[in-house]
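Chains, contacts and geometry: an overview
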Amino acid sequence: MAVERSARLMQGNEACVEGAIAAGCRFYAGYPITPSTEIAELMAASLPCVGGRFIQMEDEIASMAAIIGASLTGTKSMTATSGPGFSLKQENIGYAALTEVPCVIVNVQRSGPSTGLPTSPAQGDVMQSRWGTHGDHPIIVLSPSSVSETYRLTFESFNLAEKYRNPVILLMDEVVGHMRERVDLHSLSMSVVDRVKPTNKREDYLPYDAAPDGVSPMANFGDGYRCHVTGLIHNKKGYPTSKAEEVDFLIRRLHNKIDHNLDDVLKYEEYMVDDADIIVLAFGSVARSAHNAVRRARQNGVKAGLFRPITIWPFPEAAVTALAQKAKHIIVPEMNLGQLRLEVERVAGSRCQVSGINSIIGELIAPDQILRRIMEV
Amino acid sequence: MALQHAQDYLRNAMMPHIWCPGCGHGIILGAILRAISKAGLDQDKTVIVSGIGCSSRASGYMDFDTLHTTHGRALAFATGVKMAKPELNVIVIMGDGDCSAIGGNHFIHACRRNIDLTAVVFNNSIYGMTSGQYSPLTPRGKFATTAPYGTIEREFDLCDLAIAAGASYVGRGTTFHAQLLTDLIVKGIANKGFSLIEGISQCPTYYGRKNKMGGPIDMMKWQQEHSVNAVAATKMTPEQLDGKFKIGELHNSPAPEYIAEYDKIIAARRA
Ligand SMILES: Cc1ncc(C[n+]2csc(CCOP(=O)(O)OP(=O)(O)O)c2C)c(N)n1
Ligand code: SF4
């Protein structure tokens, strides 16, 4: 049961549930889909034990709607899904972004498009996680490479969601979701961040009043503030507006609140990059293969390094620019046809060469494949 | 503490409203506010959730915690609000298209779960906000911008649908019978479970004009002439009922409420 806390062998999906509950998640709504289903099953078992509530909704659209509704009462909320279900959630993810409702969406990626290869790993939702909903909107996307990191990043997703009043997407993949590793939860203790609540009187409270890159305190439904929440563009009071300056202020502020806090939001890991001529840039389960390949390349005397973005969106642009200035070549292995590579190419510009290793056959990219490419370039 | 006047529950800063002259939606809004007052709901513990449409703009005009969601999804958002904080009173406002087309699946499942929400559907038999397309509640043969030759689709009876799907309280009123509408909403709020109150509304701008029904007053007269009290209807023959619709309380059958059942699981797990 998810409530006990000890070192044990667990699956990535299980670590996700543990991390969520430790971070304070008390409401889950979802719809079953491989390879994320274990998250729903474990939530159904665990939440009532900690006084929380679980519901299996009629579809993923409803699940996304329900977690937004729950979060508005001050309850930390989450949903999890895969591929087709992630597509269905998009309209309401945009709603959460515009209305600034904290929530966590887990997407355990599987092969697509459409029903695809339902039980096979893929990383085909890099772009959908950034641009899946219509309109310009801010989003934070984190991607774990191990079971213990899944725990930490799920926890961190809740913290970031609360701090920035924004939906946070945890972009897992089938390999990480189903992989089993020994995890000591005691060693992973983290501190909980809660959204800031207003302290002023109802008459003085403006739910969307903040500095041009700020986040406003958020009142819970039922606390007497009588707020209006709408997916229409709204003014500081939360009421619909089409005044140019109010529209402009809101949409730019939503982006600025993330973009002006990149030091806090961006996480990445570097391995042997300092003197590297060849950088392998990989995330999720593929980064494990990349790590192995880089280590072996070094053993063969090749100056290779690994850059692993943990925050996928916003993309760690400054760090990658710095690498592109020093390195000769960046290799981007990913289980799609080059979605993250597009971003790396944009950032690297003409500073260095960029190439991809791309797999869409539902199999994890092996260390040997990456090592071979390192030795080639 | 219940307030005296419906107007006291309005957000003046949101006026003027967007509704056309003669639109029936304001009458249903008035009925909801009077019902909230009569039911004695705490203004700070009452949440209004709506979808998207002319009708769903009502939430913005009401001085409560209000949630104007996405088209068709109001009940799904409301389910989250209610499950996370069951002590809140949750009233859900939807249009006929909002509730029965894009939101049809959420509707039957909210009925089936018998979760304690009070849904008020503003049924004007048309998509008002998008300028007059037919909805699943547009009667067969009627005209709409997307049914220029008359719709060949059979309409739902939303109340029958709710009863079949498991709602524990169902009633229907009209903007002509506004007092009845208020009383039904009061009872819907009192019911511990899912309640549907269908309010027949008029859209003179699109439905009325497309179907040559005259102005708003003519449309309300039509409601008067074509409605039959549910009790009286039990003594009428099918021929007498042809072309008429029933109003009043249509179903009142208490059943276990979803969150109360869930909380038994919590209690057992934590014992
Ligand atoms: C996903 C989505 N599809 C379509 C629309 C466009 N749309 C807005 S309101 C509406 C129909 C409104 O009709 P109804 O629910 O009957 O309410 P009324 O306006 O008549 O009160 C439609 C189709 C939308 N906003 N979102
Ligand atoms: S279009 Fe119809 S439903 Fe919408 S406000 Fe006008 S009269 Fe009312």
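What you see is a predicted model, and the numbers here were worked out from it, not measured in a lab.

So, how was this worked out
Residues numbered from 1 in each chain as written. Chains lettered and ligands numbered in written order. Predicted model: local features only at pLDDT ≥ 70, side-chain atom pairs only at ≥ 80, totals over all residues. Heavy atoms only, no water. Pairing = 2+ DSSP bridges. Helix = DSSP H or I, 4+ residues; strand = E, 2+ residues; numbered from the N terminus. Axes fitted to C-alpha atoms, helices over the stretch in contact; angles between N-to-C directions. 1 Å grid on protein atoms, 1.4 Å probe; cavity = no way out; pocket = protein on both sides within 12 Å on 5 of 7 lines; lining within 4 Å. Points joined across faces, edges and corners; volume = space filled by probe spheres on them. Nonpolar A, V, L, I, M, F, W, Y, C, P; charged D, E, K, R; others polar. Salt bridge = Lys/Arg side-chain N within 4 Å of Asp/Glu carboxyl O. Buried < 20%, exposed > 50% of the residue type's maximum accessible area, 1.4 Å probe, protein only. Near = heavy atom within 4 Å. Polar contact = N/O pair within 3.5 Å; in protein donor to acceptor, adjacent residues only side chain to side chain. Areas by Shrake-Rupley, 256 points an atom, 1.4 Å probe, with all protein chains shown as cover. Contact = heavy atoms within 4.5 Å. Domains from an automatic or database assignment. Core = buried A, V, L, I, M, F, W, Y, C linked by side-chain atoms within 4.5 Å. Buried area = accessible area lost by both parts, 1.4 Å probe. Phe/Tyr/Trp six-rings, centres within 6.5 Å; stacked < 30°, edge-to-face > 60°. Lys NZ or Arg CZ within 6 Å of the ring centre and 35° of its normal.

To continue, consider the sheet that holds strand β2 (residues 27-30) of chain A. All names here are of chain A. Pairing in this open sheet of seven strands is mixed, and the strands run β3-β2-β4-β5-β7-β6-β13 from one edge to the other. Only two strands of the sheet have a single partner each, and these edge strands are β3 (53-56) and β13 (311-313). Each strand axis lies, on average, 20° off the axis of its neighbour in the sheet, ignoring direction. Bridge analysis of strand β6 (residues 140-142) against strand β7 (residues 167-173) gives three bridges, and the strand direction is parallel.

All names here are of chain A. Counted under the stated rule, the structure contains two cavities of 30 Å³ or more. One number sums up the size of the largest cavity: a volume of about 80 Å³. Along the wall of the largest cavity there are 13 residues; nearest its centre are Arg165, Pro207, Ala219, Cys227 and Val229. Partitioning the lining of the largest cavity into residue classes produces ten nonpolar, two polar and one charged. When its volume is computed, the second largest cavity comes out at roughly 50 Å³. Together, Arg202, Tyr205, Pro207, Tyr225, Arg226, Cys227, His228, Lys237 and Tyr239 line the second largest cavity.

Here we come to the pattern of salt bridges. Enumeration over the complete set of coordinates arrives at 35 salt bridges over all chains. Note that Asp263 of chain B is salt-bridged to Arg53 of chain A, the shortest N-O span being 2.9 Å. With Asp263 of chain B in helix α11 (residues 258-270) and Arg53 of chain A in strand β3, this residue pair bridges two chains. Arg113 of chain B is the partner of Glu58 of chain A in a salt bridge, and the nearest nitrogen-oxygen pair spans 2.7 Å. Of the two residues, Glu58 of chain A sits in the loop between β3 and α3 (60-71) while Arg113 of chain B sits in helix α4 (residues 104-113), which places them in two different chains. Taking the relative accessible area as the measure of exposure, Glu58 of chain A reaches 10% and is therefore buried. A relative accessible area of 8% places Arg113 of chain B in the buried class.

Glancing now at the site of ligand 1. Not every one of the 18 residues close to ligand 1 is listed here, only the nearest: Cys54, Ser55, Asp96, Asp98 and Gly128 of chain B. More than one chain approaches ligand 1, the contributing ones being chains A and B. Asp98 of chain B has a polar backbone atom sitting 2.8 Å from an oxygen atom of ligand 1. Between ligand 1 and the protein, one listed contact pairs an oxygen atom with a backbone N or O atom of Gly128 of chain B at 2.8 Å. Relative to its free-state accessible area of 590 Å², ligand 1 is covered by the protein chains to the extent of 77%. Element by element, the count of residues in the shell around ligand 1 is highest for helix α3 (residues 96-102) of chain B, at four residues. Across the shell around ligand 1, the residue classes break down as six nonpolar, nine polar and three charged.

Another point: the side chain of Arg253 of chain A. Residue and element names in this part refer to chain A. Relative to the helices and strands, Arg253 resides in helix α8 (residues 244-259). Exposure remark for Arg253: the relative accessible area of 1% places this residue in the buried category. Side-chain polar atoms of Arg253 contact the backbone oxygen of Gly214, separated by 3.0 Å. Apart from residues lying up to four places away in sequence, Arg253 is in contact with Glu100, Tyr208, Ala210, Ala211, Pro212, Asp213, Gly214 and Val215.

All names here are of chain A. Domain annotation for chain A reports domain 1 (7-188) and domain 2 (267-376). Each partner contributes residues to the interface: domain 1 has 27 residues there, and domain 2 has 24 residues. Linking domain 1 to domain 2 there are three salt bridges. Taking the shortest distance from any N to any O, the salt bridge between Glu181 and Arg288 comes out at 2.6 Å.

Let's shift gears to the environment of Tyr206 of chain B. If you trace the backbone, Tyr206 of chain B turns up in helix α7 (residues 204-210). Along the backbone, Tyr206 of chain B and Ile36 of chain B are 170 residues apart, and their C-alpha atoms lie at a distance of 30 Å.

Before going further, it helps to examine the nonpolar core. With 127 residues, the main nonpolar core has Met43, Met78, Val106 and Ile330 of chain A together with Phe194 and Leu196 of chain B as its most contacted residues. Viewed by domain, this core spans two of them, domain 1 (7-188) and domain 2 (267-376) of chain A, each represented by three or more residues. Listed in part, the 30 residues of the second largest apolar core include Leu33, Tyr61, Phe64 and Tyr169 of chain B.

Below, the discussion takes up the interface of chain B and chain A. Across the boundary between the two partners, chain B contributes 42 residues, which contact 42 residues of chain A. Of the roughly 3,500 Å² buried between chain B and chain A on both sides combined, carbon and sulfur atoms contribute 57%. Counting across the interface, chain B meets chain A through five salt bridges. On inspection of chain B and its partner chain A, the count reaches 24 residue pairs in polar contact (both at pLDDT 80 or more).

On to the packing of aromatic side chains, then. Residue and element names in this part refer to chain A. Evaluation of the coordinates by the stated rule reveals nine aromatic pairs over all chains. Ring centres of Tyr205 and Tyr225 lie 4.9 Å apart, and the angle between their planes is 70°; on these two criteria the pair is classed as edge-to-face. Here Tyr205, found in the loop between β8 (180-184) and β9 (228-230), pairs with Tyr225, found in the loop between β8 and β9; they are 20 residues apart in sequence, far enough to count as distant. Look at Tyr225 and you get buried, because its relative accessible area is 14%. Over the ring of Trp131 we find Arg130; its NZ or CZ atom is 4.0 Å from the centre of that ring. We note Lys236 situated over the ring of Phe249; from NZ or CZ to the ring centre the distance is 4.8 Å.

Attention now goes to the sheet that holds strand β3 (residues 89-95) of chain B. Pairing is mixed across the open sheet formed by nine strands, whose spatial order is β9(A)-β2(B)-β1(B)-β3(B)-β4(B)-β6(B)-β5(B)-β8(B)-β7(B). The open sheet terminates on both sides in strands that have one partner only, identified here as β9 of chain A together with β7 (227-229) of chain B. The sheet shows a mean angle of 20° between the axes of neighbouring strands, direction not considered. Pairing of strand β5 (residues 169-174) of chain B with strand β8 (residues 245-252) of chain B, which is carried by four bridges, proceeds in the antiparallel orientation. Looking at the pairing, Val170 of chain B lines up with His251 of chain B of β8 of chain B. Sitting on the sheet, helix α2 (residues 74-84) of chain B is in contact with β1 (46-50), β2 (65-68), β3 and β4 (118-123) of chain B, with an inclination near 175° to β3 of chain B.

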